[in-house]
Amino acid sequence: MRFSFDFGSILFLCAASQGYFLFFALLWSKRGGKHSNRLLAFLILTITLLLTESLLSKLGFFVIDDRRHYIFFTTPVIYLIGPLFYLYARSLFEKNDNNDFKTLLHFLPALLCFINYLPAYLIAIGFEPFTFQPLINSKYFILWISGYVDMGLNILQTGIYLFFTLQILKKNEHTLKHLYSNNVALQVEWLKKLTVLMFGLMGVFTLALIFFLLTKYVAVIENVLALSRAAVVYAIGYIAIKQPGIISGVLPEKPVEKYQHSPLPSEQAQQYADRLLQFMDDEKPYLNSDLKLPDLANRLSISTNHLSQVLNRNLQVNFFDFVNQYRVKEAQQKLLDPQFRHLTNLAIAYDSGFSSKASFNRVFKKHTGKTPSQFVKSHSLQHQV
């Protein structure tokens, strides 16, 4: 048996190591929701196991008589990616029900695949390591399914779960913005990023299946698949370093239903609106990055439901945008004030109530049409003219 260790092997090894580290870190984390953490941990583990198999093959563990063979120990794991991702997304928004038997049905395809491969696994165990013949004969499987069909079924399954995940985002994003501030927005933003990664992974697999059917460059395509999995693990690790709280955090179990009580009389609503605007100018509660709608309502001594009605009906803005427009104005003043020139844009962002550089840049550009740096530069040019 000859080992082959090159740059690609190092790349996959580092990604796999990072994947296992993230798995144990999330599994043992005491922050955020334990249920969400476990689901994300096992989602990362499934991708890492598939990457590990590619790494071992690349290192030469599965080479027999100068030919490369796969024993596909991790094939059933592929059918766990879609369900785990969907259940993780759902866990961010809904209360966990440990007695929900329907949840177990999501893992049925993976179980059936494992049972189908069970004869092959038993035969493999009966041989010395790395000396058994490649498992290509139908007698090694309960039901013979082509590898291309297997891959196509997995792409279809993952696509269905991605569709349902998009429905979850669509259902919850708008309502959550009416009730909470930046922390929840960051969680939604994180889920969007993870969804993009999953769509990218599915896209690569779809293209790989097409190339498998049209070409003979199997080894090259296998490396591309492994590289895509490594990219997902690296991306999650990067986000974990940049914003560790949004990965291990958990969203509120259930958003408050909009206007669940009787409508607020228009005269009283206007009084509340005046009080709110005066309070924002005098007390500047928006400087607290953790400010939530219930917190603001409590300080104004009015109900959360009434404050939500005032924002939407009288001021025609949701809570998220209402608070951020004050933060942007605060940041604009400090960016142009000579007293704050010694501060970085990030420091000004924190002082203005933003919780991260990413949210600061995104919200600032949304409200002004420019990034903070562009805003300062354009103002400087106006004074020079």
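Residues numbered from 1 in each chain as written. Predicted model: local features only at pLDDT ≥ 70, side-chain atom pairs only at ≥ 80, totals over all residues. Heavy atoms only, no water.

Asker: Describe in detail the packing of helix α11 (residues 293–300) against helix α12 (residues 304–314), supporting the description with residues and values.
Answerer: At a minimum axis distance of 9 Å, the contact between α11 and α12 shows a crossing angle of 100°. With respect to each other, α11 and α12 are oriented roughly perpendicular. Touching L293, P294, L296, A297 and L300 of α11 are T304, L307, S308 and L311, all from α12. Each residue belonging to the contact of α11 with α12 can be placed in one class, and the counts come to seven nonpolar, two polar and no charged. (Axes fitted to C-alpha atoms, helices over the stretch in contact; angles between N-to-C directions. Helix = DSSP H or I, 4+ residues; strand = E, 2+ residues; numbered from the N terminus. Parallel < 35°, antiparallel > 145°, perpendicular 65-115°, else oblique. Contact = heavy atoms within 4.5 Å. Nonpolar A, V, L, I, M, F, W, Y, C, P; charged D, E, K, R; others polar.)

Asker: Tell me about a nonpolar patch on the surface, and please be specific about residues and values.
Answerer: On the surface, F101, L104, L105, L108, L111, L112, F114, I115, L118, L122, I142 and L143 cluster together to form a nonpolar patch covering roughly 1200 Å² of accessible area. Mapped onto the nonpolar patch, the elements with two or more residues apiece are α4 (102–105) and α5 (108–125). Considering each element in turn, the nonpolar patch owes the most residues, seven residues, to α5. Taking relative accessible area as the criterion, L118 reaches 32% and is therefore assigned partly exposed. (Patch = residues over 30% accessible without salt bridge, like charges linked within 9 Å, V, L, I, M, F, W, Y side chains within 5 Å. Areas by Shrake-Rupley, 256 points an atom, 1.4 Å probe, with all protein chains shown as cover. Salt bridge = Lys/Arg side-chain N within 4 Å of Asp/Glu carboxyl O. Buried < 20%, exposed > 50% of the residue type's maximum accessible area, 1.4 Å probe, protein only.)

Asker: Tell me about the pattern of salt bridges, residues and numbers included.
Answerer: Under the counting rule described, the total for this entry stands at three salt bridges. In this structure, K334 engages E330 in a salt bridge whose closest nitrogen and oxygen atoms are separated by 3.5 Å. Residue K334 and its partner E330 are located together in helix α13 (residues 319–336), separated by four residues, close to a single helical turn. Note on accessibility: K334 and E330 belong to one class, buried. Taken together, the shared-partner salt bridges connect K284, E330 and K334 into one network.

Asker: Could you give an account of the environment of L296, naming the residues involved and the relevant values?
Answerer: Residue placement: L296 occurs in helix α11. You can call L296 buried: its relative accessible area is 0%. Separated by 20 residues in the primary sequence, L296 and L276 place their C-alpha atoms 9.0 Å from one another. For L296, the residues in contact, after removing those within four places along its chain, are L276, F279, M280, P285, L291, L307 and F319.

Asker: Give a detailed account of helix α2 (residues 34–59), specifying residues and quantitative values.
Answerer: In an α-helix there are 3.6 residues to a turn, and that puts residues three or four apart on one side. When the terminal C-alpha atoms of α2 are compared, their 36 Å separation across 26 residues agrees well with the 38 Å that a helix rising 1.5 Å per residue should span. α2 sits mainly inside the fold: 20 of its 26 residues count as buried. (Expected span 1.5 Å × (residues − 1).)

Asker: Give me unusual backbone geometry: which residues, what numbers.
Answerer: For K284, which is not glycine, the phi torsion reads 50° and is therefore positive. Tracing the backbone shows K284 in the loop between α10 (266–283) and α11. Relative accessible area serves as the criterion here: at 33%, K284 is assigned to the partly exposed category.

Asker: Go over the confidence of the model for the protein chain, please, and point to the residues and values.
Answerer: Close inspection of predicted coordinates is inappropriate for parts of the model with low pLDDT. The pLDDT averaged across the protein chain works out to 80; a share of 77% of its residues lies at or above 70. Across residues 250–261, confidence stays below pLDDT 50; counting only partners more than four residues off in sequence or on other chains, it has 34 contacts. (pLDDT = per-residue confidence, 0-100.)

Asker: Go over the packing of aromatic side chains with me, naming the residues and quoting the values.
Answerer: Considering all chains together, one arrives at twelve aromatic pairs under this definition. Ring geometry for F322 against Y326: centres 5.3 Å apart, planes inclined by 70°, an arrangement best described as edge-to-face. Placement of the pair is F322 and Y326 together in helix α13, with a separation of four residues, close to one helical turn. Across the pair, exposure class does not vary: F322 and Y326 are buried alike. The cationic tip of K329 hangs over the ring face of Y326; the distance from NZ or CZ to the ring centre is 5.9 Å. (Phe/Tyr/Trp six-rings, centres within 6.5 Å; stacked < 30°, edge-to-face > 60°. Lys NZ or Arg CZ within 6 Å of the ring centre and 35° of its normal.)

Asker: How would you summarise the nonpolar core if you had to cite specific residues and measurements?
Answerer: The nonpolar side chains of soluble globular proteins are, as a tendency, buried together. Membership of the largest hydrophobic core comes to 47 residues, with the highest contact counts inside it found for L40, M151, L194 and I236. Listed by contribution, the elements that provide at least two residues to this core are α1 (7–28), α2, α3 (75–91), α6 (147–179), α7 (182–214) and α8 (218–242). When residues in this core are grouped by element, the largest group, twelve residues, is from α7. Residue contacts for M151: discarding those within four places in its chain leaves F205, A208, L209, F212 and L225. In terms of nonpolar packing, the next biggest core, distinct from the first, is built from 22 residues, Y272, A273, Y286 and F322 among them. (Core = buried A, V, L, I, M, F, W, Y, C linked by side-chain atoms within 4.5 Å.)

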